[in-house]
Amino acid sequence: MSVKKVLAHTLIASAVLASPLIPATEWKAEAKTVQKQTIQKTNWSVNGTVVSISATTVSGGNWIVAAPEIAKLLGATYSHDKKTKMYKLTKKGTVVQVKANDKVAVINGKKVTMNVAPKTVNNVLYVPAVTIVQAFGGQLQTNASPILLSTNGNVQTKKVTVAVDGQPTQLNAIAMGQKTLYSLSDIAKAFGVAMNVDGKTKSITLSGKSKKATLLLHQQGSSVVKVNGNFYADLHGVVTKLGGEIEHGSPLFIATNGFLKGTNFNPQWLSNEYMIVTNENDEPVSNIVHVPSRKVIATIASGDLALSPDKKKGAYVDDNGQLFIVDLATKKTMPVGTDDDIKVELTWSPDGSLIYFFKGSSSDIIASMNVQTGAMTEIVNDKVKYKSDLRLSADGKKIIYTAAKEAKANYTDDSKTEIDTIDTTGTEPQLYVVDLTTADKKPTAVTTDTNNKTFSSFAGDTIVYLSANPDDENTLPVLKAIVAGTEQNMATNMNITYVATKGNIVFVLVEEKNGSYSIYRATAPQTQWTRIFNTKTTITSISPSPFSNDIAVTIPTDEGEKIAVIINNRLIDITK
């Protein structure tokens, strides 16, 4: 046997073994050189997904495929003119015409000589794969395993920069049109797991760190393909199998442990990179989240933590009324005092020595507790029930809160068995200030009108709050500022839905007339507002970082609420 014939047979054999074969149909062609050939159902990777196609190799290792099948894969129409015996494939202005047993094809009106002639088997035309694919702008890589077919442009190798747990990482990839497959060895390295290839089972396993993903080569529906000795696969499928998640953006973000899910709200900043969020899946807990990586690094068994000024401790009250302080670094919890009465709205003093709160089942007492000794001091006990919105000034010298007097019932008789009328005069909510530097610490009302008052807070030396008419929903709320006992308007023409402060800066969340949401900022008590963000996404609350210009927001979802952070004017999901 000549060297040329040995080489030809070797090429044919290696090409056939490159893909697994499904039971064959015997070839009954007219040409003597292919009379003993067989048609196999062969698995090819088409645009990154393995499919089965009727094909075989002929002289010189050239692949010929069933014309109807390749036409469908290419998105072309296929027809046969019995009179002219011409077969036609057409797609978007490209026309390929061939005849059985004729090497000359007509492509867009020009004659082209093909390596092999088309053949008919069982009334099905088989055409040279490379010629047809190239005619329609695709590429066939027969040295890949399985054979790689791109229906839209050449297969391109490239490096893609992604963010793996927040860290920029380069992944080798191959691209076919809009589809990209990523290096499995690079993905394994990014996840910190090992990769093992089993030639017998034709499987690839990525495992380690309690993660495992098994991928099959040559299986229909699989994305795995071997090109130039490297394995590539669909990124989303591999990441999901390894327990991770992908967030689409620029760059692509890969969370190797997935995102925190469920209802998440009340984001509180601990530093530039860390925040604590309340999570309500089963029992409420507080999760410390590393913002760049989205990883939960610790969980505290309380869903309502009040952070200390240095952000190193959290305070909470258990179901029995016992106050606890937890060290966020060590997770050690320490009881403070022995009082077991109800305590709500825990608020730390600026120096971290005291914790203020409303006390009692009716929240009628304002008290403080010494963090070191557990000694409790009553500050206000005026019998006015249902106080709310406890806030402490930055210097720790003043308290503000909201309270409303109870309505008075007038009875028909002295035994008070039947109510005659109810007097609601003076029951509207008002803001009160307590000067902690005075001896009597007597509450002083700083508002008198009948409007509802929400989002009260200190902004430097200014008290701000949102005033809304309870009897007229069509009237826009007004942001009020109280400076040295004098009240003035800060915003009157915005539909404000949330207010937050950072120092003397006031941030407002506004629902615009077009349904979008904007965040504005101003320096209290000034009225010059600057819009710093706008989105069509619904936002329910905002939390400006005290460490940077970032702002955490809560966003409603079908599953509850999620947390996102505005970074570089983009909403970046921190939880899902």
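Everything discussed here concerns the structure shown above.
As a starting point, this report considers the structure included with it. (Residues numbered from 1 in each chain as written. Predicted model: local features only at pLDDT ≥ 70, side-chain atom pairs only at ≥ 80, totals over all residues. Heavy atoms only, no water.)

Evaluation of the coordinates by the stated rule reveals 7 aromatic pairs. Ring pairs connect the aromatic residues F358, Y401 and Y432, which therefore count as one cluster. Residue placement shows R294 over the ring face of F253; its charged tip is 3.7 Å from the ring centre. Taking NZ or CZ as reference, K576 lies 4.9 Å from the ring centre of F259, over its face. (Phe/Tyr/Trp six-rings, centres within 6.5 Å; stacked < 30°, edge-to-face > 60°. Lys NZ or Arg CZ within 6 Å of the ring centre and 35° of its normal.)

All told, the structure shown has 14 salt bridges when counted by the stated rule. With a shortest N-O distance of 3.5 Å, K41 and E69 are connected by a salt bridge. Here K41 is found in strand β2 (residues 38-46), whereas its partner E69 is found in helix α2 (residues 67-74), with 28 residues between them in sequence. Connected through salt bridges with shared partners, the residues E247, R294, K562, D573 and K576 form a single ionic network. (Salt bridge = Lys/Arg side-chain N within 4 Å of Asp/Glu carboxyl O. Helix = DSSP H or I, 4+ residues; strand = E, 2+ residues; numbered from the N terminus.)

A few words on the side chain of H218. Note that H218 resides in the loop between β19 (211-216) and β20 (225-227). In this structure the side chain of H218 is engaged in a polar contact, spanning 3.0 Å, whose partner is the side chain of S145. (Polar contact = N/O pair within 3.5 Å; in protein donor to acceptor, adjacent residues only side chain to side chain.)

Residues Y411, I419 and I422 make up a contiguous nonpolar surface patch of about 290 Å² in total accessible area. Assignment of secondary structure puts I422 in strand β39 (residues 419-423). (Patch = residues over 30% accessible without salt bridge, like charges linked within 9 Å, V, L, I, M, F, W, Y side chains within 5 Å. Areas by Shrake-Rupley, 256 points an atom, 1.4 Å probe, with all protein chains shown as cover.)

The 4 strands lie next to each other as β50-β51-β52-β53, forming an open sheet whose pairing is antiparallel. The outermost strands of the open sheet, each flanked by one partner alone, are β50 (541-544) and β53 (570-573). The average angle at which neighbouring strand axes cross in this sheet is 35 degrees, direction not considered. Pairing analysis gives 7 bridges linking strand β51 (residues 551-557) to strand β52 (residues 560-567), with the strands arranged antiparallel. (Pairing = 2+ DSSP bridges. Axes fitted to C-alpha atoms, helices over the stretch in contact; angles between N-to-C directions.)

What follows concerns the environment of K119. Position of K119 relative to the elements: it lies in strand β10 (residues 119-121). For K119, a relative accessible area of 13% puts it in the buried group. Spatially, the C-alpha atom of K119 lies 9.4 Å from that of A66, the residues being 53 residues apart in sequence. Among the polar contacts made by the side chain of K119, one reaches the side chain of N101 at a distance of 3.1 Å. (Buried < 20%, exposed > 50% of the residue type's maximum accessible area, 1.4 Å probe, protein only.)

Take unusual backbone geometry next. Note: most residues except glycine have negative phi, and most peptide bonds are trans. S250 connects to P251 through a cis peptide bond whose omega is 0 degrees. By the element assignment, P251 lies in the loop between β22 (245-247) and β23 (253-255). The omega torsion of the bond from A524 to P525 falls at 0 degrees, within 30 degrees of zero and hence cis. Mapped onto the secondary structure, P525 falls in the loop between β48 (517-523) and β49 (530-535). Positive phi, close to 50 degrees, is recorded for K441, a residue that is not glycine. By the secondary structure assignment, K441 is in the loop between β40 (430-435) and β41 (444-445). Classification of K441 by relative accessible area gives partly exposed; the value is 25%.

Here we take up helix α4 (residues 184-191). What α4 keeps buried is the set L184, D186, I187, A188 and F191. Just beyond α4, the residue with positive phi is G192, at close to 70 degrees.

Further remarks concern the sheet that holds strand β25 (residues 274-280). Ordered in space as β24-β25-β26-β27, the 4 strands form an open sheet in which the pairing is antiparallel. Because the sheet does not close on itself, it has two edges, and the strands there are β24 (263-269) and β27 (295-300). Taking the axes of each pair of neighbouring strands and ignoring which way they run, one obtains an average angle of 30 degrees across the sheet.

What follows deals with the environment of N230. Examined against the element boundaries, N230 turns out to sit in strand β21 (residues 230-233). Sequence separation between N230 and Y182 is 48 residues, and the spatial gap between their C-alpha atoms is 9.9 Å.

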